[in-house]
Amino acid sequence: MAGSTTNPPLKDELDIVIPTIRNLDFLEMWRPFFQPYHLIIVQDGDPSRTIKVPDGFDYDLYNRNDINKLLGPRASCISFKDSACRCFGYMVSKKKYIFTIDDDCFVAKDPSGNDINALQQHIQNLLSPSTPYFFNTLYDPFQEGNDFVRGYPFSLREGVPTAVSHGLWLNIPDYDAPTQLVKPLERNTRYVNTVMTIPKGTLFPMCGMNLAFDRDLIGPAMYFGLMGEGQPIGRYDDMWAGWCTKVICDHLGLGIKTGLPYIWHSKASNPFVNLKKEYNGIYWQEEIIPFFQQATLSKDCTTVQKCYVELSKQVKEKLGKIDPYFTKLGDAMVTWIEAWDELNPPKDSAAIPNGAAK
Ligand SMILES: O=c1ccn([C@@H]2O[C@H](COP(=O)(O)OP(=O)(O)O[C@H]3O[C@@H](CO)[C@H](O)[C@H]3O)[C@@H](O)[C@H]2O)c(=O)[nH]1
Ligand SMILES: [Mn+2]
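Residues numbered from 1 in each chain as written. Chains lettered and ligands numbered in written order. Predicted model: local features only at pLDDT ≥ 70, side-chain atom pairs only at ≥ 80, totals over all residues. Heavy atoms only, no water.

The name an unreviewed UniProt entry gives the chain is UDP-arabinopyranose mutase, with Oldenlandia corymbosa var. corymbosa as the organism. According to UniProt, the comment filed for the chain under the heading Subcellular location (unreviewed entry) is "Golgi apparatus". The UniProt entry for the chain carries the following text under Catalytic activity (unreviewed entry): "UDP-beta-L-arabinofuranose = UDP-beta-L-arabinopyranose". (UniProt positions renumbered as here; feature names shortened; annotations may be inferred.)

Put into structure tokens, the structure is as follows:
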């Protein structure tokens, strides 16, 4: 195990958010990298269960009683019995950056056999610009030992601020249930040493298990929707957040990167249980994707909150006809923003509303 980082980057500006229904022994493997940072643990399921956190970590733990107490009636927008509950951690954080990781994700090794400090790579991704307007064929021009290739317009080489860093996974890939059922033994052994900006106008399937983002730039868009108990859909929490986030990033001129870092995903969840959770999503997304591909936001939408509320109206209007669920979801999107703004008032009257692009 690599030695702990002597000078942890963004130590006081980043929270690590972990949704959990398990114990948190996985933190032992991450200790050298995570110990300097504050953890926000969102305990899902039965609040009377005690989740044991290994000694030596600085953390806040929130269970369902805490969520209900803090948000009151607005707690209805936070999912129960689904990893979507993690977005509560994004809302209560007071830091500029968030890294979220699942409790069955461990430290992976790079091809040289070194432990990968996923957090450090995410921070590097977030602190360097994105290039959504023109594709660099040598991939991330800001990566050490790389640059823009011939023909890349110099007027575009400054790039745009990076709002999201989407990491990947070795071992158990994030497959949907049908794929998992037909390929139960498939493991991802491919380590691709690159980071890419997702081009403007292109959606992507955002996975929440190894994800980091800039709260000030895009936080209010990171709502993981209504999933789990009482809802007709599950395991589309991160997908929904990713589609809303990408439309808003494109509108506000922000970037999203995918690729490094890798984590080692250790546990395959039950494909039959997953199929029950996903089946509506698999069917509905054939209409949801065109909705997001065609979504446009007016020029008055100058903050993430305004974009998000505008999007919620379109969700109700255009997706509400698929199923009443989307009307409920559209309302929950507004409740989320109300709760976000109540917990995250602008720092001072002159400040740009939280979540607005600088
Ligand atoms: O009801 C629940 C179930 C799980 N959690 C916590 O959420 C993460 C992910 O759980 P798990 O590893 O079992 O799920 P996967 O099928 O591997 O991954 C899915 O979860 C999402 C990504 O995070 C996405 O939908 C899929 O990739 C763990 O930390 C569980 O402890 C929960 O809080 N509540
Ligand atoms: Mn998992």
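## Here we look at the coordination of the manganese ion (ligand 2)
Protein coordination of the manganese ion (ligand 2) is provided by D104 (OD) and H265 (NE2), with donor distances spanning 2.0 to 2.2 Å. With D104 in the loop between β4 (97-101) and β5 (105-107) and H265 in strand β9 (residues 255-265), this pair connects stretches of sequence that are 161 residues apart. D104 sits in the buried class, given a relative accessible area of 5%. You can call H265 buried: its relative accessible area is 8%. (Donors = N, O, S within 2.8 Å, 3.2 Å for Na, K, Ca; no water. Helix = DSSP H or I, 4+ residues; strand = E, 2+ residues; numbered from the N terminus. Buried < 20%, exposed > 50% of the residue type's maximum accessible area, 1.4 Å probe, protein only.)

## Concerning the UniProt feature "site: Required for activity" (unreviewed entry) in the chain
On the UniProt side, "site: Required for activity" (unreviewed entry) is annotated at positions that read R150 and R157 here. The topology assignment puts R150 in the loop between α4 (118-127) and β6 (162-171). For R150, a relative accessible area of 84% gives the class exposed. Considering the arrangement of structural elements, one finds R157 in the loop between α4 and β6. Beyond its immediate chain neighbours, meaning those up to four positions away, R157 contacts F142, F148, V149 and Y152. (Contact = heavy atoms within 4.5 Å.)

## Examining the site of ligand 1
Near ligand 1 lie 22 residues; those nearest to it are R86, D102, D103, R235 and S269. The contact in question runs from an oxygen atom of ligand 1 to an N or O atom on the backbone of P19, over 2.7 Å. D104 places a side-chain nitrogen or oxygen 2.9 Å from an oxygen atom of ligand 1. Relative to its unbound accessible surface of 650 Å², ligand 1 loses 91% to contact with the protein. (Near = heavy atom within 4 Å. Polar contact = N/O pair within 3.5 Å; in protein donor to acceptor, adjacent residues only side chain to side chain. Areas by Shrake-Rupley, 256 points an atom, 1.4 Å probe, with all protein chains shown as cover.)

## Looking at α4
Most of α4 sits inside the fold, with seven of its ten residues counted as buried. Restricting attention to buried positions, one finds in α4 the residues A118, L119, Q121, H122, I123, N125 and L126.

## Considerations on unusual backbone geometry
Here the residue pair L260 and P261 is connected by a cis peptide bond, since its omega of 10° sits within 30 degrees of zero. Of note, P261 is situated in strand β9. Its identity as a non-glycine residue notwithstanding, L10 has a phi of 55°, on the positive side. Positionally, L10 belongs in the segment before β1 (14-20). The phi torsion at N171 lies on the positive side, around 75°, for a residue other than glycine. Mapping N171 onto the fold places it in strand β6.

## Examining empty space enclosed by the protein
Empty space left among the atoms is revealed by rolling a probe the size of a water molecule over them. In this structure the tally under the stated criterion is three cavities of 30 Å³ or more. As a volume, the largest cavity reaches approximately 80 Å³. Taken together, T131, F134, F135, N136, Y139, D140, P141, V195, M196, T197 and K257 form the lining of the largest cavity. At three residues, the largest contribution of residues to the lining of the largest cavity is made by strand β7 (residues 195-197). A class-by-class count of the residues in the lining of the largest cavity yields six nonpolar, three polar and two charged. Of the pockets and cavities examined, the second largest cavity occupies roughly 60 Å³. Lining the second largest cavity are M227, I233, Y236, W240, W243, G281, I288, Y325, F326 and L329. (1 Å grid on protein atoms, 1.4 Å probe; cavity = no way out; pocket = protein on both sides within 12 Å on 5 of 7 lines; lining within 4 Å. Points joined across faces, edges and corners; volume = space filled by probe spheres on them. Nonpolar A, V, L, I, M, F, W, Y, C, P; charged D, E, K, R; others polar.)

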